[in-house]
Amino acid sequence: MRYPVLVFMLIFSLVSHGEIRFNGFASVVGGRTVSDNDDAFLADYSLVGLYGDEINFQPESTMGLQARADLNQGLSFTTQWVARGLNDYNSEVSYAYIIYQLTSELTLQAGRKRLPLQYYSEFFDVGFAYPWIRPPADLYTWQILNYNGISLEHKTRLGNGTLGTSFYTGREESKNNRLLSTFFYSEPTDEVWKDIIGIRADYAIGDFQTLLSYTNFKLDRFFTTTGSTEEDVLNSNVDFFAVSFNYDNGQYFFLSEWNHWSSDRFATRNWLASLGYRLFNVTSYLAFSEFNQEEKIDNEDLEEHTTTSLGFRWDFHPQAAFKVQVDEIRDKGTLALVGDAKAFTFGVDLVF
Amino acid sequence: MKNILRTRCISLVFLLVFSLSSHGEIAVIVHLSNTDNMNTEAISQLFLGRVSSFPSGGVAIPIALIRGNSYREYFNATVLKKTENQYKAFWSRLVFTGKAAPPNELNDSDQLRDLVAKNPALIGYIDEDSVDDSVKVIAVF
């Protein structure tokens, strides 16, 4: 709690002539599994957001407030506080960074940001920004969401379209990481992603957009309980690739993404495809996603699950949307980690 | 035969009404010193924050009209191909990731024209009836 207060003080003391812009977002989402025979529905891996057979508003409800202070001459400072149902709505800083505009095409950013591994990573918390209740959990499963570091962002015209590229580097440490400690190992686990370097390029032309992204880092994993039977991981090299292709003509859309994770021991491939149709203020959509992981040394299949989703988004207000979604999860893995489930979720997303 | 005739009549009326209501409603304007040529795609790229300079290189700052203004709705639908909600959803991706800030918004066309007339970096869209010789029109929708 002390950190946000400090940041607030910093903003107000820095800004004497500039301007402060406040923006915010909120998603209130409830849901449950359809029947008692279902296993729990793991909707948010990173924070272990689980729905059981009783209606629950905690797993995915999220609120965020952002303050951006413009200090003139190309310098600005942005902070975003996010409060989640899973953390009893205690706020945490998910973004706190300085932007320095070098030219009209090039900016330098430094501080704490979301790690842009995948297409939806950076605005994952902003439900209003995408059609579904959540970007499919089969892809958005990673234990680290943020990093502290520097990024260089560039945008320019290329042919008749536009090319945005970013280069980033940094590090993140997560003590007692929630996904690893409570879900995968059931014992306190610290996770470090260090020497992160990544590059992202997205090209947009007309109704088409493609994204290519590559991130490399070294992973350390420590099991902090004395006498733990797990072996610490040191300096495991991880390569992460993301490719996304999207088409949206205002009425129909096709969204897709493919991810590949490769570390010393594990390889993971996941993908999603979604089709949607908008009629007046109602968007209907279908989505399919798959997660597939194997152990590389013994060539053993581990996790494998798919999700089929059907849902509607009704934009009942210029800044708010109501969504309903049904998901069917099939766990086909030898490591039956999540189980089979059908779940029903609904919610309201808004931005201001 | 009668049916076909009726359908044709209806579509003719539709076409007429549509072309009357849409013809020359909005002018995209820049400073008189601006020499850039921009097609619909290039204008859209500026208003969606994908680039922040004119094709010739100068800094470009787009200015929009406020929500609820019918020219804004028409511009967003025709040039950006977005409803108000799609526009908001699109910008929320950029705002909450620090990539760009949405165009500043003004209340009416005359106000917007007077600002554009004074600043070579600005580009905006206004009611065509508000155009005078203080600004340059680069496109009409």
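Cut-off values and rules
Residues numbered from 1 in each chain as written. Chains lettered and ligands numbered in written order. Predicted model: local features only at pLDDT ≥ 70, side-chain atom pairs only at ≥ 80, totals over all residues. Helix = DSSP H or I, 4+ residues; strand = E, 2+ residues; numbered from the N terminus. Buried ≥ 20, exposed ≤ 12 C-beta atoms within 10 Å, placed from the backbone. Contact = placed C-beta atoms within 7 Å. Pairing = 2+ DSSP bridges. Axes fitted to C-alpha atoms, helices over the stretch in contact; angles between N-to-C directions. Nonpolar A, V, L, I, M, F, W, Y, C, P; charged D, E, K, R; others polar.

A. View of the overall build of chain B. Scanning chain B from terminus to terminus reveals five helices and five strands. Going residue by residue from the N terminus, the α and β elements of chain B occur as α-β-α-β-α-α-β-α-β-β. When burial is assessed residue by residue, chain B has 33% of its 141 residues classed as buried. Considering only intrachain contacts with a sequence separation of at least 6, the fraction spanning at least 24 residues in chain B is 64%.

B. How the structure looks around the sheet that holds strand S4 (residues 122-127) of chain B. All names here are of chain B. Reading across from one edge, S3-S2-S4-S1-S5 is the order of the five strands in this open sheet, with mixed pairing throughout. Strands with a single pairing partner mark the edges of an open sheet, and in this sheet they are strand S3 (104-106) and strand S5 (136-140). Adjacent strand axes in the sheet meet at a mean angle of 30° when their direction is disregarded. In this structure, strand S2 (residues 61-65) lies alongside S4, joined through three bridges in parallel fashion. Within S4, the residue paired with Pro62 across the bridge is Ile123. In the packing of helix H5 (residues 109-118) onto the sheet, contacts are made with strand S1 (26-30), S2, S3 and S4, and the angle to S4 comes to roughly 150°.

C. Region of interest: the interface of chain B and chain A. Chain B puts 23 residues into the contact, and the matching count from chain A is 31 residues. Of all the secondary-structure elements, those providing two or more residues to the side of chain B that touches chain A are helix H2 (40-47) and helix H4 (84-95) of chain B. The element that contributes the greatest number of residues to the side of chain B that touches chain A is H4 of chain B, accounting for eight residues. Here the residues of the side of chain B that touches chain A sort into six nonpolar, eight polar and nine charged.

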